[in-house]
Amino acid sequence: SFNVGGGFLGGTARSVGLQSDGKVIVGGTFATYDGDPADSLIRLNSDGSLDTTFNNGAAANNTVLAIQVQPDDKVLVGGTLTAYNGTTTNRIARLNADGSLDTSFNVGTGFNSLIERLELQPDGKILAGGNFGSYNGTSISRAARVNSDGSLDTSFSLAGSFNNRVYAIHAQPDGKILVGGGFNTYNGSTVNRIL
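Remember, predicted model here, so these are calculated numbers, not experimental data. (Residues numbered from 1 in each chain as written. Predicted model: local features only at pLDDT ≥ 70, side-chain atom pairs only at ≥ 80, totals over all residues. Heavy atoms only, no water.)

Some remarks on the sheet that holds strand β5 (residues 36-37)
Part 1 of the reasoning: Spatially, the three strands line up as an open sheet ordered β1-β4-β5, and their pairing is antiparallel. Edge positions in the sheet fall to β1 (8-9) and β5, since each has one partner strand and no second.
Part 2 of the reasoning: Bridge count between β1 and strand β4 (residues 32-33): two bridges; the pairing is antiparallel. Each bridged residue has a counterpart across the sheet, and for Leu-9 the counterpart in β4 is Thr-32. (Pairing = 2+ DSSP bridges. Helix = DSSP H or I, 4+ residues; strand = E, 2+ residues; numbered from the N terminus.)

This is the structure:
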């Protein structure tokens, strides 16, 4: 019953998020969906057809690797993008439910390199993992937590942090965080790709 027709061409689908009404946000490197132009980020109706009401205009200017849908249906996107609809966002942005840029989410200069994964915590704070070394000018290595307004959560201290890329983050119900990636040390201690 989920009919994608010709599906994606010209690249890959790298991330998926589900809104409360059953609509599906898809990000990646693709150029078309079922024959229609589709630039890095689109929304599908619950039957698999392209939702042309998703107002993403020129969309992300590069790959969307991570998507998280908030309880209010706003959409967090991360990846290698540095702009959304012509506005500088530097690897992370929050969209309103209709696909327009949420300008209340102020990331400043954002991340200096790519995001692989976003995870939303129950309090609305956002965990980010990737290959970055700073956020908005503050040095932070490959994992960070961002407040719901886009500012860096400086109470989330990772000290020396990871020696290689973070690919996966999962927030447990007890508040603890699982992290996986290409790293083999964390703060100088051997952890071999998961902690």
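Structural notes on the nonpolar core
Part 1 of the reasoning: Grouped together as the largest cluster of nonpolar side chains are 17 residues, with contacts concentrated most on Ile-92, Phe-111, Ile-115, Leu-118 and Tyr-135.
Part 2 of the reasoning: For this core, the elements supplying multiple residues, two or more each, are β12 (115-120), β13 (126-130) and β16 (143-146).
Part 3 of the reasoning: For this core, the element with the highest residue contribution is β12, accounting for three residues.
Part 4 of the reasoning: If near-sequence neighbours (up to four positions away) are discounted, Leu-118 is found in contact with Ala-66, Gln-68, Leu-76, Val-77, Gly-78, Ile-92, Ile-126, Leu-127 and Ala-128.
Part 5 of the reasoning: The next biggest cluster of nonpolar side chains, apart from the first, holds 14 residues, and it includes Leu-41, Val-77, Leu-81 and Ala-93. (Core = buried A, V, L, I, M, F, W, Y, C linked by side-chain atoms within 4.5 Å. Buried < 20%, exposed > 50% of the residue type's maximum accessible area, 1.4 Å probe, protein only. Contact = heavy atoms within 4.5 Å.)

Focus: the sheet that holds strand β3 (residues 24-28)
Part 1 of the reasoning: One open sheet accounts for three strands, arranged β2-β3-β6; its pairing is antiparallel. Strand pairing shows two members of the sheet lacking a second neighbour, β2 (13-18) and β6 (41-44), which therefore form its edges. Looking at each pair of strands side by side, their axes are set apart by 25 degrees on average, direction ignored.
Part 2 of the reasoning: Where β3 and β6 come together, four bridges link them in antiparallel fashion. Bridge pairing in β6 places Val-26 opposite Ile-42. (Axes fitted to C-alpha atoms, helices over the stretch in contact; angles between N-to-C directions.)

Some words on the pattern of salt bridges
Where charged atoms of side chains with opposite charge meet at close range, the side chains can pair.
Part 1 of the reasoning: Across all of its chains, the model carries eight salt bridges by this definition.
Part 2 of the reasoning: Taking the shortest distance from any N to any O, the salt bridge between Arg-94 and Asp-102 comes out at 2.8 Å. There is no split in this pair, since Arg-94 and Asp-102 are both buried.
Part 3 of the reasoning: Among the salt bridges present, the one from Glu-116 reaches Arg-165, with a minimum N-O distance of 3.0 Å. With a gap of 49 residues between them, Glu-116 in strand β12 and Arg-165 in the loop between β16 and β17 (166-171) connect regions that are remote in the sequence.
Part 4 of the reasoning: A single salt-bridge network, built from bridges that share partners, covers Lys-23, Arg-43 and Asp-51. (Salt bridge = Lys/Arg side-chain N within 4 Å of Asp/Glu carboxyl O.)

Re the environment of Val-166
Part 1 of the reasoning: Tracing the sequence through the fold places Val-166 in strand β17.
Part 2 of the reasoning: Put simply, Val-166 and Gly-180 are 14 residues apart on the chain and 6.0 Å apart in space, counted from C-alpha to C-alpha.
Part 3 of the reasoning: Ignoring any residue separated from it by four or fewer positions in sequence, one finds Val-166 in contact with Glu-116, Gly-129, Gly-130, Arg-142, Val-179, Gly-180, Gly-181 and Phe-183.

A closer look at the side chain of Arg-94
Part 1 of the reasoning: Within the secondary structure layout, Arg-94 lies in strand β11 (residues 92-95).
Part 2 of the reasoning: Polar side-chain contacts of Arg-94 include one of 3.5 Å to the side chain of Gln-70.
Part 3 of the reasoning: Here Ser-148 takes part through its backbone oxygen, which lies 2.8 Å from a polar atom of the side chain of Arg-94.
Part 4 of the reasoning: Apart from residues no more than four positions distant in its own chain, Arg-94 is found in contact with Gln-70, Lys-74, Val-75, Leu-76, Leu-101, Asp-102, Ser-104, Phe-105 and Ser-148. (Polar contact = N/O pair within 3.5 Å; in protein donor to acceptor, adjacent residues only side chain to side chain.)

Examining the environment of Asn-184
Part 1 of the reasoning: If you trace the backbone, Asn-184 turns up in the loop between β18 (177-181) and β19 (185-186).
Part 2 of the reasoning: Its relative accessible area of 29% is what places Asn-184 among the partly exposed residues.
Part 3 of the reasoning: Once residues within four sequence positions are removed from consideration, Asn-184 is found in contact with Asn-163, Ser-189, Thr-190, Val-191, Asn-192 and Arg-193.

So, the pairing of β2
Part 1 of the reasoning: Here β2 pairs with β3 via five bridges, running antiparallel. In the sheet register, Ala-13 faces β3, and the bridge partner there is Gly-28.
Part 2 of the reasoning: Between β2 and the antiparallel strand that follows it, β3, lie five residues; Gly-22 among them carries a positive phi value of about 90 degrees.

Such coordinate-based values are descriptive only and should not be taken to indicate function.
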